[in-house]
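Listed below are the residues making up each chain.
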Amino acid sequence: MLSDCILIVCISICTALLGEGLTWLMVYRTDKYKKLKAEVEKQSKKLEKQRETESNDRTQKKKLERQEEKLKNNSRDLSLVKMKSMFAIGFAFTALLSMFNSIFDGRVVANLPFTPISFIQGISHRNLPGEDYTHCSFIFLYILCTMSIRQNIQKILGLAPSRAASKQGTGFFTPPSQLGR
Amino acid sequence: MANHPLKKPKSDGESAQSTQSLLSKAIQPEYQWTDKDEFLDVVYWMRQIMGLILGLVWGFIPLKGFIGLALFFLVNVAIVYLYYSTFQKIDEEEYGGASEILKEGLMTSFSSFLVAWIILYSALHS
């Protein structure tokens, strides 16, 4: 059981590194991405500062709105640049995951120290025989490992999106109502 | 653009040095943080280490069930709260409220905690 767990941790470290490596190859090292990222970061920080010193001046407000619009466009471009590689990597990993899934099919890789709530049982008890819901399937442990390892690797390598940019909430998937604030 | 050159990537030596300086700032009481991100980074990494340690301890004892999960959140949030409010004496409004600091890296820390807890628990007690 322990060897399975360690194997899964290793698999998720490898896939996280591979994913980041591929994204670096396709996105992060391109000049277009670097330029856009620097621009978005600069604008987000500037905007945050200006919001702190809010004034009622109409011209100021208009200026702020114009900058927000510019930032919105830039972050949309940034997300578009990222998106293509995300799709490619997504497909590759789905194939890889189904391969691992078939290797660990029906195997209990760990015992959970708690009984998961019903809608998580679908993942944690996936393809496992029996009714003991403390049995843990490959996919549950893999998802947990990936959640912690991938984020930390991104952080260590300095590839995680900056806080200022994500705080502005101007990503591609942000609903328009939020953007209009 | 000329006024704002792109950030140069840090070399290994530089990043090791910055980690060291960040650590010394983190353990210095009431340090005046000029860069907000630096303080949030400290909270983030503190949480990750705490998640791992708590997971290993919970697995070793072993703690079981809902109480283990609840206790993790309680201990994790309480330590971060005590760290920024009594050790560093940070004005939370500068960071957009207490929730911004308290939720920094919480989910990642939670998943590291779960991984450590599950692996040690099933290795020792099943």
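Structure first, text after, so check above.
As the structure is a computational prediction, the values presented were derived from the model and not from experiment.

Q: Can you tell me about the interface of chain A and chain B, naming the residues and giving the values?
A: Counting residues at the interface gives 28 residues for chain A and 30 residues for chain B. In this assembly, chain A packs against chain B so that about 2400 Å² is buried in total across both faces, 69% of it on carbon and sulfur atoms. Broken down residue by residue, the surface that chain A buries against chain B is led by Pro113(A), Phe114(A) and Arg163(A), which jointly contribute 27%. On inspection of chain A and its partner chain B, the count reaches one salt bridge. Measuring nitrogen to oxygen at the nearest pair gives 3.4 Å for the salt bridge that ties Asp41(B) to Lys155(A). Summed over the shared surface of chain A and chain B, the number is three residue pairs in polar contact (both at pLDDT 80 or more). Listing elements by their share of the side of chain A that touches chain B, those giving two or more residues are helix 1 (2-28), helix 2 (31-52), strand 1 (110-111), helix 5 (138-157) and helix 6 (163-167) of chain A. For the side of chain A that touches chain B, the element with the most residues is helix 5 of chain A, which contributes ten residues. Here the residues of the side of chain A that touches chain B are counted per class, giving 15 nonpolar, four polar and nine charged.

Q: Mind laying out the packing of aromatic side chains, listing which residues take part and the relevant values?
A: Counting across every chain of the model gives 19 aromatic pairs over all chains. When the centroid spacing of 5.4 Å and the interplanar angle of 25° are considered together, the rings of Phe114(A) and Trp117(B) count as stacked. Of this pair, Phe114(A) sits in the loop between strand 1 and helix 4 (118-124) while Trp117(B) is found in helix 5 (residues 106-124), placing the two residues in two different chains. Residue Trp117(B) is classed as buried on the basis of its relative accessible area of 0%. Taken together through their ring pairs, the aromatic side chains of Phe114(A), Trp58(B), Phe72(B), Phe73(B), Phe110(B), Phe113(B) and Trp117(B) make up a single cluster. If you follow Arg29(A) out to its NZ or CZ, it ends over the ring of Trp24(A), 5.9 Å from the centre. The aromatic ring of Tyr44(B) is capped on one face by Lys155(A), whose charged end is 4.5 Å from the ring centroid.

Q: Can you explain unusual backbone geometry? Please cite residues and give values.
A: In this structure, Pro62(B) follows Ile61(B) across a cis peptide bond, with omega equal to -10°. With respect to the helices and strands, Pro62(B) occurs in the loop between helix 2 (36-60) and helix 3 (66-87). Positive phi outside glycine occurs at Asn127(A), with the angle close to 55°. Position of Asn127(A) among the secondary structure elements: in the loop between helix 4 and strand 2 (135-136). With relative accessibility at 52%, the residue Asn127(A) sits in the exposed group. Within the chain, Lys89(B) stands out as a residue other than glycine whose phi angle is a positive 50°. You can see Lys89(B) is positioned in the loop between helix 3 and helix 4 (98-102).

Conventions adopted
Numbering of residues begins from 1 in every chain and follows the order in which that chain's sequence is written. Both sets of labels track the order of writing: A upward for chains, 1 upward for ligands. Totals for whole chains, interfaces and linings use every residue, but because this is a predicted model, local features are given only for residues with pLDDT of at least 70 and side-chain atom pairs only at 80 or more, for both listing and counting. Heavy atoms from the whole structure form the basis of all side-chain values; hydrogens and water molecules are not counted. Contacts: residue pairs with any heavy atoms within 4.5 Å of one another. Buried area, as used here, totals the accessible surface that two parts lose on assembly, with accessibility defined by a 1.4 Å probe and the loss added over both. What makes a salt bridge here is a side-chain nitrogen of Lys or Arg within 4 Å of a carboxyl oxygen of Asp or Glu, nothing more. Definition of a polar contact: a pair of N or O atoms within 3.5 Å, with one able to donate and the other able to accept a hydrogen when the atoms are protein atoms, and with sequence-neighbouring residues admitted only if both atoms are side-chain atoms. Secondary structure elements follow DSSP: runs of H or I of four or more residues count as helices, runs of E of two or more count as strands, with numbering from the N terminus. Ten residue types, Ala, Val, Leu, Ile, Met, Phe, Trp, Tyr, Cys and Pro, are classed as nonpolar, four, Asp, Glu, Lys and Arg, as charged, and the remainder, Gly among them, as polar. Planes of paired rings set the category: under 30 degrees apart is stacked, over 60 is edge-to-face and the rest tilted, where pairs are Phe, Tyr or Trp rings (Trp by its six-membered ring) whose centres lie within 6.5 Å. When accessible area is computed with a 1.4 Å probe and restricted to protein chains, residues below 20% of their type maximum are described as buried, those above 50% as exposed, and intermediate ones as partly exposed. Only when the NZ of Lys or the CZ of Arg is both within 6 Å of the ring centre and within 35 degrees of the ring normal is a charge said to sit over the ring.

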